[in-house]
Amino acid sequence: MTDEKYMKLAIELAANTKGQTSPNPLVGAVVVKDNQIVGIGAHLKAGQAHAEVHAINMAGEKAKGATVYVTLEPCSHFGKTPPCADLLIKSGVKRVVIASTDPNPLVAGKGIAKLKEAGIDVEVGLLQKEADELNEVFFHYMSTGLPYVTIKTATSLDGKIATATLESKWITSQEARLDAHTYRHQHDAILVGVNTILKDDPELTTRLPQGGKNPIRIILDTSLRTPLSANVVNDKAAPTWIVVGCNAEREKVAAMEEKQVEIIQMPTEKIDIPTLLKILAEKGITSLFVEGGAQVNGSFIKAKAVQQVITYIAPKIIGGESAPTSFGGEGIEKLSEALELEIKSVEKIGPDLKIVAKRKST
Ligand code: AOF
Ligand code: ZN
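Residues numbered from 1 in each chain as written. Chains lettered and ligands numbered in written order. Predicted model: local features only at pLDDT ≥ 70, side-chain atom pairs only at ≥ 80, totals over all residues. Heavy atoms only, no water.

## Here we look at the overall build of the protein
Helix and strand content of the protein: twelve helices and 14 strands. Taken over C-alpha atoms, the radius of gyration comes to 23 Å for the protein, in line with the 21 Å a tight globule of 362 residues would show. In terms of its C-alpha atoms, the protein occupies a principal-axis envelope of roughly 70 × 45 × 40 Å. In the protein, buried positions account for 47% of the 362 residues. A separation of at least 24 residues holds for 69% of the contacts in the protein among residues at least 6 apart in sequence. Charged side chains of the protein number 42 positive and 43 negative; the gap between the two group centres comes to 2 Å. (Helix = DSSP H or I, 4+ residues; strand = E, 2+ residues; numbered from the N terminus. Rg over C-alpha atoms; globule rule 2.2 N^0.38 Å. Buried < 20%, exposed > 50% of the residue type's maximum accessible area, 1.4 Å probe, protein only. Contact = heavy atoms within 4.5 Å. Lys, Arg positive; Asp, Glu negative; His and termini not counted. Charge placed at Lys NZ, Arg CZ, Asp CG, Glu CD.)

Written out as structure tokens, the structure is:
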């Protein structure tokens, strides 16, 4: 019971850093001696100290004979920082309780082995489910080499994202839109199609009362139709990357690059989503927040390139056969080909409904 209490605290410390540690995982640590907390810590930013370092430094001499609760297997490698396993051994801790193991091939069990070899009691798996969930982005990125993709949509009760005349601002409430901005803060990048740029000229920034980090803005724009006057091209609020096909006009590319917009030119005429995701992962994008429109959302579903779908539903009926729905493209012919998801949560946000659904683990 007490073990669980301290691990819960370590998980809470880690959970509160969501959005600031990428490409590193969320990690929390708590040092306990004689039933007293003598050190706490969280990994705050990639390149900076790991959670255990903060917690052990705080504990000082009291670390000797103490128990350390850590949400992720302590590292065993020299990365941007030295191995945490060595630090734990040197500081004389007696017991280490770990929630999740680290899938990073540089660590993967080696941290645990190192601690055990040094005679430390090691227990693995306490509250593992909660800790694994916390790091699903890091685990997905590590195991697939691809970004974790979340598609967000906002629809009416009858599933429309605009009227038949394509009016779409605003279907869901201010509260729902604010909730969606917390996801912008938590993701490395946000992605939309060029039609959204042409129609709404959005900023694609994080606008929360308490502030927040802006994601990198990625526009899918095969023929480079984004105007040089667009907000995302000029506001310098965050980097903007435009993904274009191999036939995009060279002069347009040069003009964009002059404005410090990064152009990702695909080797093909059209943008192939799986190829793009590989490129984005290589560029360090671990999590991608897709805010559609219908065509872009449809292309991600067609490629089955999605881990999570977040849907905000407003209690309004729009109707109209030609009014668009969230997922465009050709769709599928047989129901058996439908993308299967699992509902993780249903919640009311202001007057609207929010449904979080995840890909069924295969
Ligand atoms: C830990 N505690 O708090 C974190 C760990 O480049 P570095 O040195 O920061 O190493 C990053 C890797 O270390 C990361 O990919 C993951 O395997 C592990 N992260 N490990 O013991 C921490 N953040
Ligand atoms: Zn470490």
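## Structural notes on the environment of Ala42
Relative to the assigned elements, Ala42 resides in strand β2 (residues 36-42). Expressed as a C-alpha distance, the spacing of Ala42 and Ala248, which sit 206 residues apart in the sequence, is 45 Å. Apart from residues lying up to four places away in sequence, Ala42 is in contact with Leu13, Thr17, Val27, Gly28, Ala51 and His54.

## Some details on the sheet that holds strand β14 (residues 352-359)
Taken in spatial order, the nine strands line up as β10-β9-β8-β7-β11-β6-β12-β14-β13 in an open sheet, and their pairing is mixed. Edge strands, defined here as strands with exactly one partner in the open sheet, are β10 (262-265) and β13 (341-349). When the angles between neighbouring strand axes are averaged without regard to direction, this sheet yields 20 degrees. Where strand β12 (residues 308-314) and β14 come together, six bridges link them in antiparallel fashion. Bridging across to β14, Tyr312 finds its partner in Lys354. On the sheet, helix α12 (residues 294-302) packs against β6 (148-156), β7 (189-193), β8 (216-220) and β11 (287-290) and is oriented at approximately 135 degrees with respect to β6. (Pairing = 2+ DSSP bridges. Axes fitted to C-alpha atoms, helices over the stretch in contact; angles between N-to-C directions.)

## Some details on the sheet that holds strand β1 (residues 28-33)
Strand order in the open sheet formed by five strands is β2-β1-β3-β4-β5, with mixed pairing between adjacent strands. The open sheet has two edge strands, β2 and β5 (121-124), and neither has a second partner. For this sheet, the mean angle separating the axes of adjacent strands, direction not counted, is 15 degrees. Pairing of strand β3 (residues 67-72) with strand β4 (residues 95-100) involves five bridges; the strand directions are parallel. Considered in β4, the bridge of Leu72 is made with Ser100. Each of β1, β2 and β3 is contacted by helix α2 (residues 51-59), which is oriented at about 145 degrees to β2, the strand it contacts most. Packed onto the sheet, helix α4 (residues 110-117) meets β4 and β5 and runs at close to 150 degrees relative to β5.

## Topic: the environment of Lys114
When you line up the elements, Lys114 lands in helix α4. On the basis of relative accessible area, Lys114 is assigned to the partly exposed category, the value being 27%. Here the alpha-carbon distance between Lys114 and Asp86, two residues 28 residues apart in the chain, equals 8.0 Å. In this view, Lys114 contacts Ser76, Pro83, Ala85, Asp86 and Ile89; residues no more than four positions away in its chain are not counted. Side chain to side chain, Lys114 and Asp86 meet in a polar contact 2.9 Å long. (Polar contact = N/O pair within 3.5 Å; in protein donor to acceptor, adjacent residues only side chain to side chain.)

## Focus: the site of ligand 1
With respect to spatial proximity, 19 residues lie near ligand 1, and among them His50, Ala51, Glu52, Lys80 and Asp102 are the closest. For ligand 1, an oxygen atom lies 2.8 Å from a polar atom in the backbone of Ala51. Within the side chain of Asp102, an N or O atom sits 2.5 Å from an oxygen atom of ligand 1. Burial of ligand 1 by the surrounding chains reaches 95%, relative to a free accessible area of 520 Å². Looking at side-chain class alone, the shell around ligand 1 contains eight nonpolar, seven polar and four charged residues. (Near = heavy atom within 4 Å. Areas by Shrake-Rupley, 256 points an atom, 1.4 Å probe, with all protein chains shown as cover. Nonpolar A, V, L, I, M, F, W, Y, C, P; charged D, E, K, R; others polar.)

## Quick look at the pattern of salt bridges
One pass over the full model with this rule turns up twelve salt bridges. Between Arg184 and Glu291 there is a salt bridge, and its shortest N-O distance comes to 2.8 Å. Here Arg184 is found in helix α7 (residues 174-186), whereas its partner Glu291 is found in the loop between β11 and α12, with 107 residues between them in sequence. Accessibility assignment for this pair places Arg184 and Glu291 in one class, buried. Through salt bridges with shared partners, a single network forms among Asp3, Arg95 and Glu123. (Salt bridge = Lys/Arg side-chain N within 4 Å of Asp/Glu carboxyl O.)

## Some details on the confidence of the model for the protein
Overall, the prediction assigns the protein a mean pLDDT of 94, with 99% of residues at 70 or greater. Scoring of the predicted complex yields 0.90 for pTM and 0.90 for ipTM. (pLDDT = per-residue confidence, 0-100.)

## Description of the environment of Tyr148
Looking at where Tyr148 falls in the secondary structure, it is placed in strand β6. When the C-alpha atoms of Tyr148 and Ile317 are compared, they prove to be 32 Å apart, with 169 residues separating the residues in sequence. Apart from the residues lying within four places of it in its own chain, the contact partners of Tyr148 are Glu136, Val137, His140, Thr286, Ser287, Leu288, Gln307, Gln308 and Lys358.

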